[in-house]
Amino acid sequence: MNIFLSAPDSWRRLGTAVAVSLLIHAGLFALGLLLTEFGPIVVVKKGEPLFVELAKPEEEPAPRGNPALVPGPRARPSRPPAPKSPPPVAKAAPKVETALPAPKAETPPAAPT
């Protein structure tokens, strides 16, 4: 990897960026140490179970369905009756105009012979 740093100003910027990054990381590390030093102390007694034992499936089967719903028979809501529509009215057939006969083509008069 080639980094082109020709001017001394480029070296100064790179050095400043690395120094600021190191200071920020060191500050975060120190903050983490202080928080764990003054944080609550957790004391675990010997013999205290680390895992909670769950019921075996043979002893108590899980209930079926959604546990958030109220148990009991579920009645479906009845649908409201469909509105009665009026009886269909027969529509009159559209009137069709009769086509006029095509005009007869006129024949040109016969030339005298």
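In this report, the structure presented in the accompanying data block is examined. Note that the structure is predicted; figures quoted are calculated from it, not measured. (Residues numbered from 1 in each chain as written. Predicted model: local features only at pLDDT ≥ 70, side-chain atom pairs only at ≥ 80, totals over all residues. Heavy atoms only, no water.)

1. Let's talk about the overall build of the chain
Move 1: The helix and strand inventory of the chain stands at one helix and zero strands.
Move 2: When the accessible surface of the chain is totalled, it reaches about 13000 Å², and 66% of it is carbon and sulfur. (Helix = DSSP H or I, 4+ residues; strand = E, 2+ residues; numbered from the N terminus. Areas by Shrake-Rupley, 256 points an atom, 1.4 Å probe, with all protein chains shown as cover.)

2. Re the pattern of salt bridges
Move 1: For the coordinates displayed, the defined rule picks out two salt bridges.
Move 2: A salt bridge links aspartate 9 to arginine 13; the shortest N-O distance between them is 2.9 Å. One end of the pair is aspartate 9 and the other is arginine 13, both in helix α1 (residues 8-38) and four residues apart, which spans about a single turn.
Move 3: The exposure class assigned to aspartate 9 is partly exposed, which follows from its relative accessible area of 34%. (Salt bridge = Lys/Arg side-chain N within 4 Å of Asp/Glu carboxyl O. Buried < 20%, exposed > 50% of the residue type's maximum accessible area, 1.4 Å probe, protein only.)

3. Description of a nonpolar patch on the surface
Move 1: A contiguous nonpolar patch, built from Val20, Ile24, Leu28, Leu31 and Leu35 and spanning about 490 Å² of accessible area, is present on the exposed surface.
Move 2: Here leucine 28 lies in helix α1.
Move 3: Judged by its relative accessible area of 56%, leucine 28 falls in the exposed class. (Patch = residues over 30% accessible without salt bridge, like charges linked within 9 Å, V, L, I, M, F, W, Y side chains within 5 Å.)

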